[in-house]
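# Residue-level structural notes
Listed below, chain by chain, are the residues.
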Amino acid sequence: MFRLSCKLLSKVATSDGHGENSPYFDGWKAYESDPYHPINNPEGVIQMGLAENQLCFDVIQNWLMNNPKASICTPEGVDAFKEIAIFQDYHGLSEFREAVAKFMAKVRGNNVKFDPDRIVMSGGATGAHEMIAFCLADPGDAFLVPTPYYPAFDRDLKWRTGVQIIPVVCKSSNNFKVTREAIEGAYKGAEEANIRVQGLLITNPSNPLGTTLDRETLKSLVRFVNEKNIHLVCDEIYAATVFMSEPNYVSVAEIIEEEDIECNPDLIHIVYSLSKDMGFPGFRVGIVYSYNDRVMNCARKMSSFGLVSSQTQHMIASMLSDEEFVDKFITESKTRLAVRQQYFSMGLYDQVGIRCLKSNAGLFVWMDLRKLLKEQTFEDEMALWKVIIDEVRLNVSPGSSFHCSEPGWFRVCFANMDDKAMELALTRIRNFVLKNKDIALSLKKQCWHSSNLRLNLSSRNLSSRRMEEIMLVGMMSPHSPLPQSPLLQART
Amino acid sequence: MGFSNKNYQLLSKIATNDQHGENSPYFDGWKAYDRDPYHPTKNPQGVIQMGLAENQLCFDLVEEWIRNNPQVSICTSEGVDQFKDIAIYQDYHGLPEFRQAVAKFMGRVRDDRVTFDPDRIVMSGGATGANETMIFCLADPGDAFLVPSPYYPAFTRDLGWRTGVQLLPVDCDSSNKFKITKSALEVAYHKAQEANINIKGLIITNPSNPLGTTLDRETLIDLVTFINEKNIHLVCDEIYAATVFRSPRLVSIAQIIEEMDCNRDLIHIVYSLSKDMGFPGFRVGIVYSYNDAVVSCARKMSSFGLVSSQTQHSLASMLSDDEFIDKFLAESSKRLANRYNKFTKGLEQVGISCLNSNAGLFLWMDLHRLLKEETKESEMALWRIIIDEVKLNVSPGSSFHCLEPGWFRVCFANMDDDTVDIALKRIRAFVSRGKDVEAPTRNKPRRMNLRLSFNSRRFEESVMSPHSPIPLSPLVRAWT
């Protein structure tokens, strides 16, 4: 009787700005319709498209068992229930802010300090990015973002804010470094198109690359934003996933303290979260840390739209103020990530000659399958991706969904599964390549290592612990006391 | 390097405007309280907070339940095996058990006269986030929503700040107990049309904040008819649904649309556990729309303010315990009723009347007879006196955009019984202190002629109330 016209909804609601029509999500859907399970569905699709950190829950659970007061629902903690349940102050629990500030510093090797009063909450990093965009830009304004970048930035920065993203193209020829030239080019292009650039957004460590920005690049970015008087927003959500000691992680927080840099602190903002570093995406702990007082105050008012549940603030405060636990967790997490990354990337290389971008952080590898494309086009990339999902039965993420300018790259997550699933993933890749001679041939072409470095993993009889030790030593220090092992990568 | 002069342009328009609403007097009272908060032992002379609509009456029941239900937590030995699954759960659909429990609870709160579909339950960052999300889905910048006054002050921020949508008031006044009339709606609608403003919807709060009244069936039918005629949305904020403490029972929009012809694509409910359960800290906001496209869009937007999975898990457990919920709802109603009665009686004793209400966590107190002039300025002056001399933080009606000066919202459910007594005592003491300078010369002060003197101002005499057992007090207003 009553017909609803589309005009009844807002433009925001009827647009595509939610970004869910991106291929990034198609892989998820394939996985969801046929998810791998070791017992219930061993042939199912293995999820390697989700950047989650599931490696250290045993450490956390152990801590929880010994610290019942962290919860307001335990007999030991319930006396705090009422006080916490009614606490809705958008400043957040002071113990929460202090604990987060301390954690952020530890994650950066205590090379910098963070002020608890600058900690502002948000609905996860998702909410943090949107909030920052609302504070810094008007509809039609733009942010420069180096490619490849996290697909959901298109939603978080743009959807409800009306802000645009202008990509800064980075190339594999220099390992996707962000060059001054590329940024200048993008900025100039915006000026010519009469688009007001309000800031530059970088993710450090990078998603999807898994690399950290070197000190010189960071300095040059800081100089650039100061010259142009635009903002620098640094998403440091993967800060604690840096699993190599070299290159070490440098946060923007350190750079702005350096003597040879003149920086207006009002331009500098950090987005953070516990989703990756702690592995708690469900708890929606997003943080906006701005060095600009006005932005901080505005963001704090906006945080009402996405405060962290006081129940969660209370638990996190408890957990992160236990310094011994935090130190142990950070170390253990890095170790396990290192082992995982090495095992997977070396497995890929040694078994089937697939290379990944050299990385020192993140929960994924940036896998190079360019040699497998018939033509270097995105159509071919999509076709290859379909094959990976349908035949190899792995959900990985195609580079195009990250706005990568070169076809053939895929992000493969490795920290959201157990060892068995990881082994299975490698096995499936190996079997697939063996079955497809033309693929094997293409991959052989790109392999330059001499054959005595190849491992035939099926005949390997090293205990996994020994293997871990070797890998770890090899990565952490170039001066390993152990004799040369085929598992050691030469690292300078 | 001259940084500072360019800094202003560095921020967005949204960041530099006033639409966050914090310059409203609503917040000034909070600040006065924050500086000098009452505490029974540490600061017994401090300001008592009666400006915060919180429900603190039933925490004993909740705590007892928690002690008996260790599985509610992912941090107990009984629950820790689920920790990982919950910690990594970020699906914006929300835990199915959470949605089911909330849907069931919402039905229960409406006496099971309606059922709610768990698949329409969409999360948000509290009701604050829910209201904003609704507007983002339904309106473009520059569009407008009608809202009956008086209304919750933070609507300005929630509905308009980042969305760019305007709020146009629908005037309601005490001549008919602030009911929303068809003519008031039409007047507001036509005024907007003449100004070329595109109205996208009407937002109502039922039970009302600040009035504490529920909408009667006829009014609801009128509203639904109105929005269907104009083809605009109806957003119903039912956040106080379970605070109804006496008849009439709540009639929810969910019931009305079952009873009449209505385009359901226009009907949306905003809900939260902040008032009904007393959990504002947990940020449990709900968007419930009968429009599939809105459900889908709101769900995508919920990524900006999902409920912590830890909290979803705890509440799923709590809200699905039927026995506990029944007991909680009954007891909460009873305690609210007791509080309401105690307060209204106490106020009546000193000649202060309130709007007759059946819900909410507050009273809508009528002090217009105490105003020097029927102006907002006089109201603000009276309010400052209430804060500075009576030492109570109450909320002036102007902060709720009430057209008539002299009304104040007074919250009563966020304190213990002793504090209630002290608040009433302070009011009583203040009223009796307000005797005229001439009064001491009379041997038998006749209350009929009593005038109240605030800072040597004189106030008009009031009229005898036909219902008060107490002889005339200047604070009594005739109320039919």
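Placed above this text is the structure.
Since this is a predicted model, take the numbers as computed values, not measurements.

Once that is clear, we can look at the nonpolar core. Residues Phe81 of chain A together with Phe83 of chain B are the most contacted members of the largest nonpolar core, which totals 336 residues. No other element matches helix H13 (residues 323–352) of chain A, which puts 10 residues into this core. Not counting chain neighbours up to four residues away, the residues in contact with Phe83 of chain B comprise Phe57, Ile60, Gln61, Leu64, Phe280, Phe283 and Met315 of chain A together with Ile74 of chain B.

Here the structure, examined in full by the defined rule, presents 37 aromatic pairs over all chains. Centre to centre, the rings of Tyr289 of chain A and Tyr291 of chain A are 5.3 Å apart; their planes meet at 75 degrees, and the pair counts as edge-to-face. For Tyr289 of chain A, a relative accessible area of 2% translates into the label buried. Given the relative accessible area of 14%, Tyr291 of chain A is considered buried. Ring pairs connect the aromatic residues Phe57, Phe280 and Phe283 of chain A together with Phe83 of chain B, which therefore count as one cluster. Taking the ring centre of Tyr272 of chain A as reference, the NZ or CZ of Arg108 of chain A above it sits at 5.7 Å. Above the ring of Tyr271 of chain B, the side-chain terminus of Arg110 of chain B is found at 5.7 Å from the ring centroid.

Turning to the sheet that holds strand S3 (residues 142–146) of chain A, a few remarks are in order. Sheet strands line up and pair through hydrogen bonds in the backbone, either parallel or antiparallel. Residues and elements named next belong to chain A. Strand order across the open sheet formed by 7 strands is S2-S8-S7-S6-S5-S3-S4, with mixed pairing between neighbours. The open sheet has two edge strands, strand S2 (119–123) and strand S4 (164–168), and neither has a second partner. Averaged over all pairs of adjacent strands, the angle between strand axes in this sheet comes to 25 degrees, irrespective of strand direction. Its contacts with the sheet place helix H5 (residues 94–107) against S2, strand S7 (268–273) and strand S8 (285–290), and it is angled at close to 95 degrees to S2. The sheet contacts of helix H8 (residues 180–192) involve S3, S4 and strand S5 (197–203), and relative to S4 the element is tilted by about 140 degrees.

The next thing to look at is H8 of chain A. All names here are of chain A. Its 13 residues give H8 an end-to-end C-alpha distance of 18 Å, which sits within 8% of 18 Å, the value for a rise of 1.5 Å per residue. Among the residues of H8, Ala182, Ile183, Ala186, Tyr187 and Ala190 are the ones counted as buried. One face of H8 carries all of its buried residues, which in axial projection span an arc of 130 degrees. Exposed residues pointing more than 90 degrees away from the buried face of H8 are listed as Glu181, Lys188, Glu191 and Glu192. Looking at the packing, one finds that the buried side of H8 touches S3, S4, S5 and helix H9 (215–228). Just downstream of H8 lies Asn194, where phi reads positive at about 65 degrees.

Conventions and cut-offs
Residues numbered from 1 in each chain as written. Chains lettered and ligands numbered in written order. Predicted model: local features only at pLDDT ≥ 70, side-chain atom pairs only at ≥ 80, totals over all residues. Heavy atoms only, no water. Core = buried A, V, L, I, M, F, W, Y, C linked by side-chain atoms within 4.5 Å. Buried < 20%, exposed > 50% of the residue type's maximum accessible area, 1.4 Å probe, protein only. Helix = DSSP H or I, 4+ residues; strand = E, 2+ residues; numbered from the N terminus. Contact = heavy atoms within 4.5 Å. Phe/Tyr/Trp six-rings, centres within 6.5 Å; stacked < 30°, edge-to-face > 60°. Lys NZ or Arg CZ within 6 Å of the ring centre and 35° of its normal. Pairing = 2+ DSSP bridges. Axes fitted to C-alpha atoms, helices over the stretch in contact; angles between N-to-C directions. Expected span 1.5 Å × (residues − 1). Arc of directions from axis to C-beta.

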